[in-house]
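Descriptive analysis of the structure
Single-letter residue listing:
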Amino acid sequence: LIPTMLAVIHKRRNNAAAVEDEKKKEQLAKASFRVRKSNLMSIAGRGVRRNNRKKKQPRLNRDQLITGGESDKAASWYEWLMSSFAHMMARLLSIISFGYLQLLDDASTSSNTTQSSTQQNERNSSRRNKKRANLEGYYDNIAVVGLDCEMVGGGRNGMKSLLARCSVVTLDHIPAQPIYNNNSQSESRQSLSSLSQNLVVLYDKYVIPKEKITDYRTEWSGITKSTYSNNNTTSSIPIVSFQQCQNEITQLFASISNKKVMVVGHALENDFEALEITHPISLVRDTAFFVPYMRQVRTKLYSRKLSVLSSEELGIDIQQSSEHPPPLEDEGSGGVSMIQNDSMVGHSSVEDAAAALRLYWNRCIEWEHSLGYPLSSGSGGVAATSEWDPLSMDLDGCNLPVAMRGVDFKELFANPPQDRDDASNENSSTTDQPRSFSITSRKRDKGNVHTTDWMPVFLSALSPNATPKLDKVSILWDGAKYRDILKSINGKQKHQRRVFSSEMSDSIVAEITKDGDTVDDVLFDRLCGSDEAATAGSRCHQQIIPLSKAVSILSFDTANQTSALAEDSLSHYVVIRRKGGGSKTHRRLFDKLHLRRPDEGAVCLSGLTNKLQRHSWKLARELQREKGIEKVIECELRRRQDLKHLVVTDDVYLTERLMRSHDVVVVSFMQFSNMF
């Protein structure tokens, strides 16, 4: 305290001296001030000296800053020493007092350490038991498979990846005790002797690429030029075309024993791109992007190699060549005798798929818990199923950016339709034999063209456990579109209505209307009957609600995902129509929703799937944020139980006609893309 008091006394003296010096300077400045002609001219703006710059004030040194500029240097240094000494003493006292308090705190908490640790262990065990209980019955309606593909190079320098081998594996039973965290890894390593234990190979075939191979990538793919030769007797794996492989994988992923198929793999985006298929995101588990399996560098996460994960998590080394023959599979392995490549070179897709599948089961409890158990209902843990009646889905092929591939239309129209009794065709009894075709769409993104095949989506939507329940998918095309093809065959003769189903499923039907009948009229007559009946029905059940209520109906709890687990759980849906002009910002939003003119068209915001519900809620929120939007729109509330038909079209006039009936819900192609 004594050095601190001395420093304060010296500081007060120096401050007083500095104040007196400033007063003297001000008096001298007032006495010496004179108004000159140059100053007056500069003030008036008539003339200014070029070098009329203010001189820089001399910079004061450390002693002058402390003492005020005119005090003794010895006193300034003495004050500096005293003040620094006082600061050092104060910091030393604070450190000593903090350490003493920390010792007291440690002494008081040491007695309760054993009790708190036991309580924490009990809490952790109870939490794990609850999480394991949530998985009871979780996989009753789900088939978990592992997928891996091997690629070869095509194009210039082999830069383009082409599908060369595809493998799908599964386990004959669910592991009894999947681990939850790293503390149980030793138990899982002891119980798992090899990847082939209880492994069932569902699919394993070589694929002939669609393009010419320029790089076999033998070091990684294990494929050589002799793999595709007819004289290859070393391999028992069959060779199929790309189209056949795509169709077989699509059918396999649609349903296995009437169960949904969960696909597990490592970097599945590359595999799906090579197969040119899609799969519902809720049924995809990628070990490359599971956070506990990723490597953290500062604030970023990076994927690790599958071989590293298998070695660290499972204790099994994969993707290694050996001089000895590979081990045989266990009995009941699905007819495949080897898990590694025959040539002992490169990676084995069966081995990689099995490793990814084991990695999922190794952390399945933690994985599903982090996602909020997306495949279970709120109670019981059983996969959610819809309570509503099945719907029929009709796509307006003439007003959607989709195309039908794989059909020879000249051969189709040259042969007359065969007479078959088919209950699915209401207006005609003439149908054709099932054909192999695909429904595709193209999207340009940053100069790249992405092609989407919708047939796997249709097959997945028609599976027994899919939501919403669909009993039929029809794609309709206008007969006038094929008039030129018909003229080249038999002159000016008009063709009849042609209906043919897909070889993949009889529930997927393609229909070409009779020449002269438009798709709009066919759909309206089939679904609504007549304009008078549809208008009368809409007037009876019309219920107008404010936009805020529509947002609340479509909303879901984003913090707790349990309210959104049950698919197709909303009892109502909302139909929005435009009744006025609106401002420029309103018109931009209306153009996005295909409501370009008042009293023309409609937008249906429903919750048939969780993805569609989120998309509908975002559109409703976007409308709510616009000022004065409620004056130019009208929101109608309808019941979900009345729905019987689902129509996909971008035709505004057809939407307006179909929405007169409460049995039909219409979605645009943008909503359809965000539905599955």
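Now for a quick tour of the structure.

Parameters and conventions
- Residues numbered from 1 in each chain as written.
- Predicted model: local features only at pLDDT ≥ 70, side-chain atom pairs only at ≥ 80, totals over all residues.
- Heavy atoms only, no water.
- Axes fitted to C-alpha atoms, helices over the stretch in contact; angles between N-to-C directions.
- Helix = DSSP H or I, 4+ residues; strand = E, 2+ residues; numbered from the N terminus.
- Parallel < 35°, antiparallel > 145°, perpendicular 65-115°, else oblique.
- Left-handed = near helix turned anticlockwise from the far one by under 90°.
- Contact = heavy atoms within 4.5 Å.
- 1 Å grid on protein atoms, 1.4 Å probe; cavity = no way out; pocket = protein on both sides within 12 Å on 5 of 7 lines; lining within 4 Å.
- Points joined across faces, edges and corners; volume = space filled by probe spheres on them.
- Nonpolar A, V, L, I, M, F, W, Y, C, P; charged D, E, K, R; others polar.
- Buried < 20%, exposed > 50% of the residue type's maximum accessible area, 1.4 Å probe, protein only.
- Pairing = 2+ DSSP bridges.
- Core = buried A, V, L, I, M, F, W, Y, C linked by side-chain atoms within 4.5 Å.

Between helix α10 (residues 306–314) and helix α11 (residues 349–362), the least distance of the axes is 10 Å, while the angle of their chain directions is 45°. Between α10 and α11, the crossing angle belongs to the class labelled oblique. Here α10 and α11 pass one another in a crossing that is left-handed. Counted together, Leu306, Leu309, Ser310, Glu313 and Leu314 of α10 and Asp352, Ala355, Ala356, Arg358, Leu359 and Asn362 of α11 form the full contact between these two elements.

All right, on to empty space enclosed by the protein then. Scanning the model with the defined rule gives three cavities of 30 Å³ or more in all. Along the walls of the largest cavity sit 18 residues, with Leu593, His594, Ala602, Val603 and Ser668 positioned nearest its centre. Secondary-structure elements contributing two or more residues to the lining of the largest cavity are β21 (603–605), α21 (652–658), β24 (664–667) and α22 (669–673). Broken down by class, the residue content of the lining of the largest cavity amounts to nine nonpolar, six polar and three charged.

Burial runs high along strand β20 (residues 572–578): six of the seven residues are buried. In terms of strand pairing, β20 meets strand β22 (residues 633–639) through seven bridges, oriented antiparallel. Bridge assignment links isoleucine 576 to a residue of β22, and that residue is cysteine 635. Pairing analysis gives three bridges linking β20 to β21, with the strands arranged antiparallel. Across the sheet, residue valine 574 finds its bridge partner in β21, namely leucine 605.

Residues Met404, Ile439 and Phe458 are the most contacted members of the largest nonpolar core, which totals 58 residues. What methionine 404 contacts, discounting residues up to four positions off in sequence, is Phe409, Phe437, Ser438, Ile439, Trp477, Tyr482, Phe500 and Ala510. Membership of the second largest hydrophobic core comes to 32 residues, among which are Phe290, Ala353, Ile365 and Tyr373.

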